[in-house]
Amino acid sequence: QVQLAESGGGLVQPGGSLRLSCVASLSIFSFESMGWYRQAPGKERELVAAMSSGGSTNYKDSVKGRFTISRSNAKDTVYLQMNSLKPEDTAVYYCNGWRNNNNYWGQGTQVTVSS
């Protein structure tokens, strides 16, 4: 069974940083792509950042230059480094993996940006 487990969320002041981690229950190379989505209250879930198995990345325009997606092959972990956080980044962040025509989700981790 494929499982994705996020960690690293929390409360941070505007301008602060957080790093989210997503540990997969199998090799991350078995996923065609992995990424991070977020969902704020009353809003639809949206893509924040994604990385293909080949290493190419794409980002939501509003996070470009502030967020960075990366991975550790040895740890089967995908990261989201978030810098210069803004109140509008507040949301539940979900790890996502696409593998063999199946979409997998983690349980989500809350990120709150507030003074």
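Note that the structure is predicted; figures quoted are calculated from it, not measured.

A. A look at the layout of surface pockets. Each pocket or cavity is described by its volume, and for the largest pocket that value is around 180 Å³. Lining the largest pocket we find 13 residues, and of these Arg 38, Ala 40, Lys 43, Glu 46 and Glu 88 sit closest to its centre.

B. Spatial organisation of the pairing of strand S11 (residues 109-113). Residues Thr 109, Val 111 and Val 113 line the buried face of S11, whereas the alternating positions Gln 110 and Thr 112 sit on a face that is not buried. Where strand S2 (residues 10-12) meets S11, three bridges bridge the pair, whose relative direction is parallel. Bridge pairing in S11 places Val 12 opposite Val 113. Strand direction decides the pairing type here: strand S9 (residues 91-99) and S11, joined by three bridges, are antiparallel. Considered in S11, the bridge of Ala 91 is made with Val 111.

C. The state of the cysteines, seen in detail. Within this structure, the stated rule accounts for one disulfide. Across the disulfide from Cys 22 sits Cys 95; the S-S distance is 2.0 Å. Its torsion about the S-S bond being -75°, the disulfide of Cys 22 and Cys 95 is classed as left-handed. Note that Cys 22 is positioned in strand S3 (residues 18-24) and Cys 95 in strand S9, a separation of 73 residues in sequence. For the residue pair Cys 22 and Cys 95, the accessibility class agrees, reading buried in each case.

D. Here's a closer look at unusual backbone geometry. One non-glycine residue with positive phi stands out, namely Ser 84, at about 50°. Within the element layout of this structure, Ser 84 appears in the loop between strand S8 (77-82) and S9. The phi torsion at Asn 101 lies on the positive side, around 65°, for a residue other than glycine. On the secondary structure map, Asn 101 appears in the loop between S9 and strand S10 (102-105). A relative accessible area of 66% means that Asn 101 is categorised as exposed.

E. Main features of the pairing of S10. In this sheet, S10 lies alongside S9 in antiparallel orientation, the contact comprising four bridges. Looking at the pairing, Arg 99 lines up with Asn 102 of S10. Once S9 ends, the chain turns through two residues before running back antiparallel as S10, passing Asn 100 with a positive phi of about 50°.

F. Looking closely at the nonpolar core. In this structure, Met 34, Trp 36, Phe 67, Leu 80, Met 82 and Tyr 93 are the most contacted members of the largest nonpolar core, which totals 26 residues. Among the elements of the structure, S3, strand S4 (33-39), strand S5 (46-52), strand S7 (67-72), S8, S9 and S11 are those that each provide at least two residues to this core. Looking at this core element by element, the count peaks at four residues for S3. In contact with Tyr 93, other than residues within four places in its own chain, are Glu 6, Leu 20, Trp 36, Tyr 37, Arg 38, Val 48, Phe 67, Leu 80, Met 82, Gly 108, Thr 109 and Val 111.

G. Quick peek at the environment of Val 48. Counting through the fold element by element, Val 48 comes out in strand S5. Taking relative accessible area as the criterion, Val 48 reaches 0% and is therefore assigned buried. C-alpha of Val 48 to C-alpha of Tyr 59: the two residues are 11 residues apart in sequence and 5.7 Å apart in space. With sequence-adjacent residues up to four places away left out, Val 48 is seen in contact with Trp 36, Tyr 37, Arg 38, Asn 58, Tyr 59, Lys 60, Val 63, Phe 67, Leu 80 and Tyr 93.

Definitions and limits used
Residues numbered from 1 in each chain as written. Predicted model: local features only at pLDDT ≥ 70, side-chain atom pairs only at ≥ 80, totals over all residues. Heavy atoms only, no water. 1 Å grid on protein atoms, 1.4 Å probe; cavity = no way out; pocket = protein on both sides within 12 Å on 5 of 7 lines; lining within 4 Å. Points joined across faces, edges and corners; volume = space filled by probe spheres on them. Buried < 20%, exposed > 50% of the residue type's maximum accessible area, 1.4 Å probe, protein only. Helix = DSSP H or I, 4+ residues; strand = E, 2+ residues; numbered from the N terminus. Pairing = 2+ DSSP bridges. Disulfide = S-S within 2.5 Å. Core = buried A, V, L, I, M, F, W, Y, C linked by side-chain atoms within 4.5 Å. Contact = heavy atoms within 4.5 Å.

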